[in-house]
Amino acid sequence: MAEPGEVTLGFVGLGRMGLPMTRRLAAAGYRVQAYDIAEPARRQAAAAGAVVTETLSDAATGTDTVILMLPDSTVVDSVVRDPAFAAALKPGALVVDMSSSEPDHTRALAAELDRRGVRMVDAPVSGGVTGAESGKLTVMAGGSVADIAEVEPILGTFGRVLRAGPIGAGHAVKALNNLLSATHLWITCEAIIAGQRFGLDPETMLSVFNTSSGRSGSTENKWPNFILPGTYDSGFGLRLMLKDMRIAVRLAEQAGTPSRLGAGAVALWAEAAAHLDVAADHTEIARWIADGEPEHGRDTKLPY
């Protein structure tokens, strides 16, 4: 197995997640050829130790593995199907899509790459910007056993790698995870806000919830770290969360399984997204539920 110092990686997408991930790869000794359409992002990547390229195709040139960390399947498709990028990929190269993409799109793209002699792994993550910075992400890898094993040392730089199943499985389980995350964040907000209006202290409620059956990532992480301090800066956008929720509900519909609560959660989050700033962090849902209903014309009366 090659040592990190002997490996050159391509990395495309230097946003709030991609930049700290690139930094971790460079710190681990990998030579990272990094590209982003935004010049400020490229400057930050250079400062983080990456070799910044001026074109998308240059990021893939001479590499065996190219990592993508992009907003959605549409952007992933535009990158992978870019003629210059496609030409730069070596036969047998491995494309690792760490974006939150749509499972069906991923399977179709993997089949197209396979016809070109290029392999693919989908490996989305959970853990947010803090997890990317600390190397404590959960990486959900989909693909062949051999391909995941080949790229696992690289993915291990970001955190814990879990094999989800065949190609597309990583993106499927990531979407389902975020449907759960968003749904329990919404109900946690409603519960804590109701408790506050009754006169309960939110920190006391969280202490109870976190040692009881109401415990979740929302009570253990999002409320104490981003909502109670009033920073609303988890690093994961509200609209990205909504995108993943919709992917999960579509997956359920395609499988012929009920998703009544999931569909209801999507409708609620979509309503909030229509009123909040386009760059809103997903934790801002708490502020909107607590303070935004009257000005947005919502009925704030509980149905009992």
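Parameters at a glance
Residues numbered from 1 in each chain as written. Predicted model: local features only at pLDDT ≥ 70, side-chain atom pairs only at ≥ 80, totals over all residues. Heavy atoms only, no water. Axes fitted to C-alpha atoms, helices over the stretch in contact; angles between N-to-C directions. Helix = DSSP H or I, 4+ residues; strand = E, 2+ residues; numbered from the N terminus. Parallel < 35°, antiparallel > 145°, perpendicular 65-115°, else oblique. Left-handed = near helix turned anticlockwise from the far one by under 90°. Contact = heavy atoms within 4.5 Å. Nonpolar A, V, L, I, M, F, W, Y, C, P; charged D, E, K, R; others polar. Expected span 1.5 Å × (residues − 1). Buried < 20%, exposed > 50% of the residue type's maximum accessible area, 1.4 Å probe, protein only. Arc of directions from axis to C-beta. Salt bridge = Lys/Arg side-chain N within 4 Å of Asp/Glu carboxyl O.

A. Layout of the packing of helix 9 (residues 169-198) against helix 13 (residues 260-275). Taken N-terminus to C-terminus, the directions of helix 9 and helix 13 make an angle of 70°; their axes are 10 Å apart at the nearest point. When the interaxial angle is binned, helix 9 and helix 13 end up roughly perpendicular. Crossing handedness for the pair helix 9 and helix 13: left-handed. Packed against helix 9, whose contacting residues are L179, A182, T183, L185 and W186, the element helix 13 presents L261, G262, A265, L268 and W269 at the interface. Split by residue class, the contact of helix 9 with helix 13 holds eight nonpolar, two polar and no charged.

B. The arrangement of helix 13 in detail. Relative to the 22 Å expected for 16 residues at 1.5 Å per residue, helix 13 spans 24 Å between its end C-alpha atoms, a close match to the ideal helical length. Buried residues of helix 13: G262, A265, V266, W269, A272 and A273, and no others. Relative to the axis of helix 13, the buried residues are bounded by an arc of 130° and lie together on one face. Every exposed residue of helix 13 that faces more than 90 degrees away from the buried side is listed here: R260 and A274.

C. Highlighting the pattern of salt bridges. The final tally for this structure, using the stated rule, is twelve salt bridges. The partner of R81 in a salt bridge is D77, and the shortest N-O contact between them spans 3.2 Å. Given the relative accessible area of 40%, R81 is considered partly exposed. Among the ionic pairs, R119 bridges to D147, the shortest N-O distance being 2.8 Å. With R119 in strand 6 (residues 119-122) and D147 in helix 8 (residues 145-155), the pair connects residues that are 28 residues apart, well separated along the chain. For R119, a relative accessible area of 25% translates into the label partly exposed. One continuous salt-bridge network, built from bridges that share partners, spans D77, R81, E112 and R116.

Structural measurements only, silent on function.
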